[in-house]
Amino acid sequence: MKHPENAESPASFSFDDSPIARELADLTARRRVLEDVSVRLSGRTRVITVSNQKGGVGKTTTTVNIAASLVAVGARVLVIDLDPQGNASTALGVPHTADIPSIYDVLIDDFPIADIVQTSPESPDLLCAPSTIHLAGAEIELVSQVAREHRLRTALDDYLANLQERLDFVLIDCPPSLGLLTINAFAAAHELLIPIQCEYYALEGLSQLLGTVRMIQKHLNPRLKLSTILLTMYDGRTRLAQQVAEEVRTHFPEEVLATVIPRSVRVSEAPSFGQTVIAYDGHSAGAIAYREAAVEIIRRDRPDAGANDHGHADAPANEGGS
Ligand SMILES: Nc1ncnc2c1ncn2[C@@H]1O[C@H](COP(=O)(O)OP(=O)(O)OP(=O)(O)O)[C@@H](O)[C@H]1O
Ligand SMILES: [Mg+2]
């Protein structure tokens, strides 16, 4: 598409050379690749907790959009909303008012997870165990419970063992703290996904988080593995974002996904429509990046990245598709 001929404009100007045109062409090419992508799911249920005690780094946004992206390539996914704010439930369009049975009832009153799971209007393969405001009291109520660190794991093991249709992924959205709710998530998971926001304080608090993970591995859950780091809210126009990304990659060369999630208005708008960005605007830069990240997560699965405690011990390891 050429700029209209105009005596006043420089003869060499072409819209094709503008940064916006290049970005659009890039997005179109990446979308085409995603349309043809084929992935092979592992045959196991991978339980991934999305955690970072820093607030507002993109935990919930990552949980719901990776979940929807995994569903888009054929996976069946459960999102467990473990944050009293209930943002993941909202983004998945799942009711979570105070009267609705929720993950609180699972943790405190021994409800089976099957009794609280809802289906997101986005897809029959996208399930959600919602959180309600009651969960705000659970940190304190859990303190006096028997096996207080293992309550989610026990409930999840029971749920997964009795499912008619196997899940490919369980994603757990954690609150911004290292309290008992997050510890329950660490105890229940095979893998840890840490979203890191590309800003100045990005690495602050990370050593505390990793220290907690080491304690969990030692005392509660030896199978837990830091499998994935995802750089979020990346603004490539700033040197700071580039520097932070480089620094994180230097520290964690194995764990950081090649895909980075750009800062994108469509990503932040989607939850107000009770949707993931995949449903809200699947052609946007944020949606395409999350879909690419999900494909990486499927392909990077390693047989040792989580024991087969959920009854699929002899399933073949994922070998990544084309
Ligand atoms: N890629 C993005 N582009 C633009 N805005 C984003 C992006 N990712 C997240 N946001 C916005 O940043 C804010 C924080 O994101 P989010 O709620 O996912 O973080 P969080 O880590 O779950 O927060 P909390 O610690 O409170 O649970 C939200 O308003 C969200 O819409
Ligand atoms: Mg959140």
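Here the residue index of a chain counts from 1 through its sequence in written order. Key to labels: chains lettered from A, ligands numbered from 1, both in the order written. A pLDDT threshold of at least 70 governs which residues receive local features in this predicted model, and a stricter bar of 80 or more applies before side-chain atom pairs are shown or counted, although totals over entire chains, interfaces and linings include all residues.

### Considerations on the overall build of the chain
To keep it simple, the criterion reads: Put simply, DSSP H or I for four residues or longer makes a helix, DSSP E for two residues or longer makes a strand, and each gets a number counted from the N terminus. With C-beta atoms placed from the backbone, a residue is labelled by how many other C-beta atoms lie within 10 Å of its own: buried for 20 or more, exposed for 12 or fewer, partly exposed between the two. By definition, residue pairs are in contact when their C-beta atoms, positioned from the backbone, come within 7 Å.
For the chain, the helix and strand inventory stands at twelve helices and eight strands. Taken across its 322 residues, the chain has 46% of its residues classed as buried. In the chain, the proportion of contacts linking residues at least 24 apart, taken out of those at least 6 apart, comes to 77%.

### A short note on the site of ligand 1
Definition in use: For each residue, a C-beta position is placed from the backbone atoms; the residue is near a molecule or strand when that point lies within 6 Å of it.
In the vicinity of ligand 1 there are 19 residues, among which Lys59, Thr60, Thr61, Pro176 and Ser268 approach most closely. When residues of the shell around ligand 1 are traced back to their parent elements, those giving at least two are helix H2 (59-72), strand S7 (225-234) and helix H10 (265-269). The greatest single-element share of the shell around ligand 1, amounting to three residues, is contributed by H2.

### Details of the environment of Glu269
Tracing the chain through its elements places Glu269 in helix H10. Owing to 15 C-beta atoms within 10 Å, Glu269 belongs among the partly exposed residues under this scheme. Each C-alpha atom, one on Glu269 and one on Tyr280, is 8.6 Å from the other, the two residues being eleven residues apart in sequence.

### Topic: the sheet that holds strand S4 (residues 126-129)
Note the threshold: In this scheme, strands are said to pair when DSSP sees at least two bridges between them.
Ordered in space as S3-S4-S2-S5-S1-S6-S7-S8, the eight strands form an open sheet in which the pairing is mixed. The sheet is open, and its two borders are formed by strand S3 (118-119) and strand S8 (256-262), each paired with just one other strand. Inspection of the sheet shows strand S1 (residues 46-50) paired to strand S5 (residues 169-173) by five bridges, in the parallel sense. Paired with Arg46 across the bridge in S5 is Phe169.

### Considering the pairing of S7
What counts here: For a crossover, the right-handed case is the one in which the path from the first strand over the helix to the second runs clockwise, viewed with the strands pointing away from the viewer.
Most of S7 is tucked away: eight of the ten residues are buried. Bridge analysis of strand S6 (residues 191-197) against S7 gives seven bridges, and the strand direction is parallel. Each bridged residue has a counterpart across the sheet, and for Ile194 the counterpart in S7 is Ile229. In terms of handedness, the path from S6 via helix H8 (residues 206-219) over to S7 forms a crossover that is right-handed.

### Section: the environment of Thr90
Topologically, Thr90 is positioned in helix H3 (residues 87-91). A count of 20 C-beta atoms within 10 Å places Thr90 in the buried class. C-alpha of Thr90 to C-alpha of Ser120: the two residues are 30 residues apart in sequence and 10.0 Å apart in space. Discounting residues that sit within four places of it in the chain, Thr90 has contacts with Pro271 and Gly274.

### Things to note about the confidence of the model for the chain
Threshold: The pLDDT value expresses, per residue, how confident the predictor is, ranging between 0 and 100.
Here the chain shows a mean pLDDT of 90. Residues at 70 or above account for 89%. Within the model, the stretch residues 1-9 combines pLDDT values under 50 with eight contacts to residues more than four positions away or in other chains. This model gives residues 305-322 a pLDDT under 50, and the stretch forms 40 contacts once residues within four places in sequence are excluded.

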